[in-house]
Structure formats: structure tokens, C-alpha cells
Amino acid sequence: MAGLYIHIPFCKSRCIYCGFYSTTHLSLRDSYVSALCHEMEMRSRNVLFQQLSTIYIGGGTPSQLSISHLHDIFKCTDNHFHVDGDAEITIECNPDDVTPSFAEALKELPINRVSMGVQTFNDERLKFLRRRHSSEQVLEAIERLRKVGIGNISIDLMFGFPNETLEEWESDIEEALNLHVEHISAYSLMYEEGTPLYNIRSKQIENGLVNQDEEDELSVKMYELLMEKLEKAGYEHYEISNFALKKEHGSYCSRHNSSYWQGIPYLGIGAAAHSYDIDSRQWNVADIQQYIQAIQRGEIPAEREFLTDDMRFDDTVTTALRTNEGINLASLTDRHRDYLMARAQKYINQGLLAQEGDSIRLTKKGLFVSDSIMADFMYV
């Protein structure tokens, strides 16, 4: 079992909050897709696995590629890997890119899951974020995807916008539930350094316009409301920011993202893409021009880091502890298990962690202080 991540860094325009690597140089799409396929060919010769159970095309905005580009990518994937017949194959899309012709073309591709960045149903906030779509286009996109047989749709939501009220956030949740999508990811708005939003925030702080305590308190209430509403609607809260409906056999949890949290190997293709193979992790250069030029020379423009047992333990803490299953204590070395339990006891006593058999996980109360707990468990 292994996954393939393909990074598509193209965006028609940049959102003010996004800290991921992306570019608006759409003229590079042909040469970039060619480089992707070349990298896939080179990497497939040395990768420790050939069987894929998940493929995730993320970005950026993958729906800015043409259908022809996507056909080329999947043809290359089939040429160099064995893809499971029931593989989860996801593409990220912007709602406004899901035109009738784009949706219809998806039927000719092996894609069976679509993830859309909705963020909010408030059109004024969408404009503030510099999102290209409207709330109406979200509804249209969902309808078009359903019509062509996409039975696994995920949407992203954000909360904690400047001046957002609890009632407005509740309205967004209700709008999301009315869509009856299989998966919802919800995140507190982050102020990533280097983004336009971070600069706006810095000026607000300088001018004394931010009451951090009040904002933190409201953010907690928003997260509590999110959990309450989604769990009541039948969604499983399987990871700190992710909720999935159950189905006849299993659930609609993101199999690809779950593999990250479970320490399953994955191969990352494209500029800024990361890879993990148990013993090491690797990341490609976050520069599309450098990436294309290096691949054309037959070189992989990447740095690689070999992992020690202590580094693997830290990775387990920051991934597995995010999930409702928590950390499997039996998977740890004696040394790391003793270290973890010695630190965990106080959080268990406080009701922030729970131990059940061979697993230790965050309680609902512990979710609100997960970052500080994970930081306390770090070994390296």
C-alpha cells in the first residue's frame, strides 16, 4: 500500500491567505506536465514500491490544467505504476472551474473523488479572500459532479475570519450540511507569514484593532459548534480538522491523507512536492522554473533527509496523535514508549488524553490544546 501525490502549482489568481507554493504563470503548463511525466518515469525506477492504493492531484489549482493534460498524467501513471482497481483517486478543484464540459470530461478519467476549496458561503468574504468563485457556483459544481457520477465529494471550510460572528459560522456549517457531501475539512484561518493576509493582520495588531483573547475564545466556540453540528449530522470526526460520513463498508475518510497520518509511504511528484519512504523524506525545489530545467537535464531537483528512530517517533507524534485512533503504543520502541507515557500521564490525569489498550489518543477536551501536547512529546 502506497500513495502518489502530484503537485500542480498553477493558480489563475492567488488567495490572500495561501502559503503553499503556487504560480500564476499559466503559460508553463505544457512544459510542466511534460516535466511531471519525466520525473515520474525517473522516480519509478528507484522507488521502493510500485503498487498504488491512492493518487492525489493537489495544488495550487489542478483544475487549471486542461483535460488533455490530465489524460497525459494518468497515462504516465499507468505506464510506470500498478494502480489498485479500487484506488482512491482525488483531484482538487475550484468550484468555478467545474463547468459542464469539465465535469463531463471527468467521466473519461479514473478520478473518483473531488475536493473543492469552498472556504465560506459568504460572498463578501470570498471576495475578501480573493477567491474566484461565488457561493452559487459551489451549488452548481456539486450538482454537475453528481450528474456525472462522482459519489465522493469533499469540501474545505474556514472559520475565524476577521469580524466573523458565531452565528455567521453556524450559517456556513448549515449551508455545508445542505450539500450532503461525503467529507468536510474545516480549518481556522491561519495568518501565514509572507502572505497578504499576514500583512493585513500585522497592521491591525499595530493599530490595536485585535483583541487576541476574545478571538481565541471565539475560535474555541466555533470549533465546538463545528464538532457538535457535524457529529449530530452523522459525520465521523476522524482527524482534528476532518469529518467523514460512514458508508456500508467503512467510511468516506480520505484514504490518501490518512496514509500520511499512519506513516504509509508516498511519492511526491512536481515542484515543492514531498515524499516519504519510512527511512527518509525528500522534497523537490519550490521553484517551477528550476524544477522544469532540472528535470529536462535528467536531474531530480530535491533534497533528502534520512530519518533516525527519534525523528520517526516525532513524526508519529505529530501525525498519529491527530487522528481519533491515536498512537499505537505497540508500534513504538520500548525507549520511546516509556518516554511518551512518562510525559502523557499528567495529560491523562487532566482528561486531555485517554489510554485505551495499546493506544493513546486526544480526548475532545485535548483537541483544543493538541499543539502544546505534541510539542511536549517531541524527542528531538
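Everything discussed here concerns the structure shown above.
The structure displayed is predicted, hence computed values, not measured ones.

S.K.: Describe the side chain of H133, listing the residues and the values that go with them.
M.R.: Examined against the element boundaries, H133 turns out to sit in the loop between α4 (123–129) and α5 (135–147). Within polar-contact distance, the side chain of H133 engages the backbone oxygen of V118 at 3.2 Å.

S.K.: Describe the sheet that holds strand β15 (residues 353–356), and please don't skip the residues or the numbers.
M.R.: Taken in spatial order, the three strands make up an open sheet running β14-β16-β15, and their pairing is antiparallel. Pairing within the sheet leaves two strands with one partner each, and these edge strands are β14 (327–328) and β15. Sheet contacts for helix α12 (residues 334–349): β14, β15 and β16 (359–362); angle to β15, the most-contacted strand, approximately 120°.

S.K.: Give me the pattern of salt bridges: which residues, what numbers.
M.R.: Enumeration over the complete set of coordinates arrives at 25 salt bridges. For K229, the salt bridge goes to E170, with nearest N and O atoms at 3.1 Å. Placement of K229 in helix α8 (residues 212–232) and of E170 in helix α6 (residues 166–178) is noted, with a sequence separation of 59 residues between them. A residue is classified by how much of its surface remains accessible, and K229, at 19% relative accessible area, is buried. Residue E231 pairs with K364 through a salt bridge whose shortest N-O separation is 3.1 Å. With E231 in helix α8 and K364 in the loop between β16 and α13 (370–377), this residue pair connects regions lying 133 residues apart in the sequence. Judged by relative accessible area, K364 falls into the partly exposed class, the value being 46%. One network of salt bridges, in which partners are shared, links D96, D97 and R132.

S.K.: If you had to explain the side chain of T77 to someone new, which residues and values would you point to?
M.R.: With respect to the helices and strands, T77 occurs in helix α2 (residues 67–80). Beyond its immediate stretch of four places on either side in the chain, T77 contacts L4, I6, M40, L52, I55 and V83.

S.K.: Quick one: what's the story with the packing of helix α1 (residues 29–44) against helix α10 (residues 288–296), residue by residue and with numbers?
M.R.: Where α1 meets α10, the axes come as close as 9 Å, and the angle between the chain directions of the two elements is 55°. Considered as vectors, α1 and α10 are oriented oblique to each other. Seen from above, α1 lies across α10 with left-handed handedness. Taking contact as the criterion, the partners of S31, Y32, A35, L36, H38, E39 and M42 in α1 are, on α10, I288, Y291, I292 and I295. Among the residues making up the contact of α1 with α10, the classes are represented as eight nonpolar, two polar and one charged.

S.K.: Describe in detail the packing of aromatic side chains, supporting the description with residues and values.
M.R.: Applying the stated criterion to the full structure yields twelve aromatic pairs. On the basis of an interplanar angle of 80° and a centroid distance of 6.2 Å, the ring pair of F313 and Y379 is categorised as edge-to-face. Of the two residues, F313 sits in helix α11 (residues 309–320) while Y379 sits in the segment after α13, which places them 66 residues apart along the sequence. A relative accessible area of 2% places F313 in the buried class. Ring pairing ties together the aromatic residues F10, Y32 and Y291, which thus form one cluster. Between the NZ or CZ atom of K247 and the centre of the ring of Y252, over which it lies, the distance is 4.8 Å.

Definitions and limits used
Residues numbered from 1 in each chain as written. Predicted model: local features only at pLDDT ≥ 70, side-chain atom pairs only at ≥ 80, totals over all residues. Heavy atoms only, no water. Helix = DSSP H or I, 4+ residues; strand = E, 2+ residues; numbered from the N terminus. Polar contact = N/O pair within 3.5 Å; in protein donor to acceptor, adjacent residues only side chain to side chain. Pairing = 2+ DSSP bridges. Contact = heavy atoms within 4.5 Å. Axes fitted to C-alpha atoms, helices over the stretch in contact; angles between N-to-C directions. Salt bridge = Lys/Arg side-chain N within 4 Å of Asp/Glu carboxyl O. Buried < 20%, exposed > 50% of the residue type's maximum accessible area, 1.4 Å probe, protein only. Parallel < 35°, antiparallel > 145°, perpendicular 65-115°, else oblique. Left-handed = near helix turned anticlockwise from the far one by under 90°. Nonpolar A, V, L, I, M, F, W, Y, C, P; charged D, E, K, R; others polar. Phe/Tyr/Trp six-rings, centres within 6.5 Å; stacked < 30°, edge-to-face > 60°. Lys NZ or Arg CZ within 6 Å of the ring centre and 35° of its normal.

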